[in-house]
Amino acid sequence: MPNLTLADLSSEIEANVRRALAEDIGSGDITAQLIPAERLASARVITREAAVVCGTAWVDAVFRQLDPRVAVHWQVQDGDKVSADQTLFRLEGPARALLSGERSALNFLQTLSAVATRCRHYADLVEGTQVKLLDTRKTLPGLRLAQKYAVTCGGCHNHRIGLYDAFLIKENHIAACGGIAQAINTAHQIAPGKPVEVEVESLEELREALEAGADIVMLDELSLEDMREAVRLTAGRAKLEASGGINDSTLRVIAETGVDYISLGTLTKDVKAVDLSMRLTL
């Protein structure tokens with residue numbers, strides 16, 4: 001599937017931010033009201049650890065929606081690698097808006113940067129191979145597109161966005177349809193032109209999927225030897241995707257089997273937020 005870009009996400013970003021501000025501020029930030037409305041301030045946001053940046057557009061939207069008088073001055077951009085204690089951006093404007101927007105802005109930035117950082121780690125592990133690392137649907141509810149964009153900032157790639165834009169036929173679908181060939185044939189009838197991917201657990205199932213015209217075949221926890229044989233058998237008739245039980249120690253050797261894709265739920269599911277801090281000056 002094509003990678004998401006910021007141009008695809010304008011309305012999504014605005015909606016993400018509206019929900020976040022409504023959740024956090026609700027009827028009003030009563031603590032910020034301790035500060036005179038006319039008081040101006042500046043602030044800078046630093047990272048306390050090395051990371052890959054992602055989420056600048058969400059930060060911009062937070063302060064734009066809160067108070068358009070706030071100026072955001074970025075010193076980095078999405079995809080940049082940064083070091084501990086580096087300043088990411090500076091803010092100028094009404095003190096109330098800076099404080100009210102701090103948590104929502106940093107939540108987006110620390111979460112999306114965490115995804116980008118994790119993805120860069122995995123992309124570096126397979127550097128020099130031809131494989132593409134793909135994300136999955138294991139994302140935070142409501143933030144799927146944001147996280148999938150972050151995946152691209154870290155040098156990995158987007159799989160299907162949801163259940164609507166491509167078929168992914170798994171074991172239970174196959175059983176319900178009566179077999180691999182039946183499932184693939186039905187998929188072609190339901191939505192001609194949509195990519196059809198099928199999960200297989202053996203080389204025999206791979207042969208069935210190829211004969212039925214699958215576009216992509218997911219090799220679910222096959223051995224390295226079987227993956228290499230799958231590449232030989234497929235001979236370019238379909239794309240091959242490795243999945244299941246893949247970690248730092250096995251990623252590169254799987255990439256070197258010649259598969260086209262490796263999908264990893266950990267790119268979005270098991271991330272730890274980047275440690276950020278905002279320092280205010282009145």
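Residues numbered from 1 in each chain as written. Predicted model: local features only at pLDDT ≥ 70, side-chain atom pairs only at ≥ 80, totals over all residues. Heavy atoms only, no water.

Novice: Break down the environment of Q86 for me, citing the residues and quoting the values.
Specialist: Looking at the element boundaries, Q86 is found in the loop between β4 (81-82) and β5 (87-94). Looking at Q86, the relative accessible area reads 27%, which means it is partly exposed. Put simply, Q86 and A50 are 36 residues apart on the chain and 8.7 Å apart in space, counted from C-alpha to C-alpha. Not counting residues within four places of it along the chain, the set of residues in contact with Q86 comprises V45, I46, T47 and V76. From its side chain, Q86 meets the backbone nitrogen of S83 in a polar contact 3.0 Å long. (Helix = DSSP H or I, 4+ residues; strand = E, 2+ residues; numbered from the N terminus. Buried < 20%, exposed > 50% of the residue type's maximum accessible area, 1.4 Å probe, protein only. Contact = heavy atoms within 4.5 Å. Polar contact = N/O pair within 3.5 Å; in protein donor to acceptor, adjacent residues only side chain to side chain.)

Novice: Report on the packing of aromatic side chains, specifying residues and quantitative values.
Specialist: Throughout the structure, instances matching the rule amount to two aromatic pairs. For the pair W58 and Y149, a centre-to-centre distance of 5.9 Å together with 35° between the ring planes defines the contact as tilted. On the criterion of sequence distance, the pair formed by W58 in helix α2 (residues 56-66) and Y149 in helix α4 (residues 144-153) is long-range, its members being 91 residues apart. The burial state of W58 is the same as that of Y149; both residues are buried. (Phe/Tyr/Trp six-rings, centres within 6.5 Å; stacked < 30°, edge-to-face > 60°.)

Novice: How would you summarise the layout of surface pockets if you had to cite specific residues and measurements?
Specialist: If you roll a probe as big as a water molecule over the atoms, it shows you where there is empty space left. The computed volume of the largest pocket comes to approximately 450 Å³. Along the walls of the largest pocket sit 21 residues, with T136, K138, S243, S263 and G265 positioned nearest its centre. Of all the secondary structure elements, the ones that give two or more residues to the lining of the largest pocket are β9 (216-220), β10 (239-243) and α10 (266-269). For the lining of the largest pocket, the class distribution of residues is four nonpolar, eight polar and nine charged. (1 Å grid on protein atoms, 1.4 Å probe; cavity = no way out; pocket = protein on both sides within 12 Å on 5 of 7 lines; lining within 4 Å. Points joined across faces, edges and corners; volume = space filled by probe spheres on them. Nonpolar A, V, L, I, M, F, W, Y, C, P; charged D, E, K, R; others polar.)

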